[in-house]
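Report on the structure
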Amino acid sequence: MPSIRFLAAAAGALLFAVAVPASAASSDPLAETVAQGQQLFAKSTFGGAGRTCDSCHVNGGKGPGEAGGHPLPSLENAAAIYPRFSQKAGRVMTLAAQIRHCIQGGLGAQPPAYGSAELVALETYLASLAHGQSLDMGGAPK
Ligand code: HEC
């Protein structure tokens, strides 16, 4: 029963600090990492100006978002459309690079390092939103 295991892992993750890496004793480390990423997305300011990802990408990134009065696309296919070329940055951005860019610019915080537990959890959460969709490298947000 994967759904029950997932709910148990999600409930378990809520009891622990969000930045704790998946423990070796976990029965479903992947589901636990998704849950940690979801918590970080909703709650963590990363020590910045007080905003969270959810301040702009509302509803866990699942619906259309909003930043400074401008509409933002949902993040439901974000993990399926990276890497993408960014005109603004003048380089190809990976999903991790885009998340770090938002932590720096959107949250006004020092972004966690590549490969850190926090960044991996956010990448894993966004991948869970896009799970089952075809990879559409360079595609458009929904
Ligand atoms: C202050 C508002 C704001 C906050 C807070 C914010 N973002 Fe963003 N995000 C944006 C804007 C604006 C864009 C559009 C592209 C750009 O300007 O970089 C964007 C784009 C993205 C994209 C690319 C979407 C796509 O399909 O191209 C991802 C992924 C993303 N944000 C993740 C996050 C995550 C994860 C967090 C929290 C760590 C976060 N954002 C916090 C404003 C924000």
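Residues numbered from 1 in each chain as written. Predicted model: local features only at pLDDT ≥ 70, side-chain atom pairs only at ≥ 80, totals over all residues.

- An unreviewed UniProt entry annotates the chain as SoxAX cytochrome complex subunit A originating from mine drainage metagenome.

1. Brief notes about the overall build of the chain
- When you go through the chain residue by residue, the secondary structure sums to six helices and four strands.
- Reading the helices (α) and strands (β) of the chain from amino to carboxyl end gives α-α-α-β-β-α-β-β-α-α.
- Scored against the burial criterion, the 142 residues of the chain give a buried share of 27%.
- Restricting to contacts in the chain with at least 6 residues of sequence separation, those with at least 24 account for 52%. (Helix = DSSP H or I, 4+ residues; strand = E, 2+ residues; numbered from the N terminus. Buried ≥ 20, exposed ≤ 12 C-beta atoms within 10 Å, placed from the backbone. Contact = placed C-beta atoms within 7 Å.)

2. Thoughts on the packing of helix α2 (residues 29-43) against helix α6 (residues 117-130)
- One way to put it is that α2 packs onto α6 with a least axis distance of 7 Å and a crossing angle of 100 degrees. In terms of orientation, α2 lies roughly perpendicular with respect to α6. Between α2 and α6, the contacting residues are T33, V34, Q36, G37, Q38, L40 and F41 on the first element and E118, V120, A121, L122, T124, Y125 and S128 on the second.
- Residues that form the contact of α2 with α6 fall into these classes: seven nonpolar, six polar and one charged. (Axes fitted to C-alpha atoms, helices over the stretch in contact; angles between N-to-C directions. Parallel < 35°, antiparallel > 145°, perpendicular 65-115°, else oblique. Nonpolar A, V, L, I, M, F, W, Y, C, P; charged D, E, K, R; others polar.)

3. Focus on the site of the ligand
- Surrounding the ligand, one finds 22 residues, the nearest of these being C53, C56, C102, G106 and P141.
- Of all the elements in the fold, those that place two or more residues in the shell around the ligand are α3 (53-56), α4 (78-81), α5 (95-105) and α6.
- The biggest single contributor to the shell around the ligand is α5, with five residues.
- Its residues assigned to classes, the shell around the ligand shows 16 nonpolar, five polar and one charged. (Near = placed C-beta within 6 Å.)

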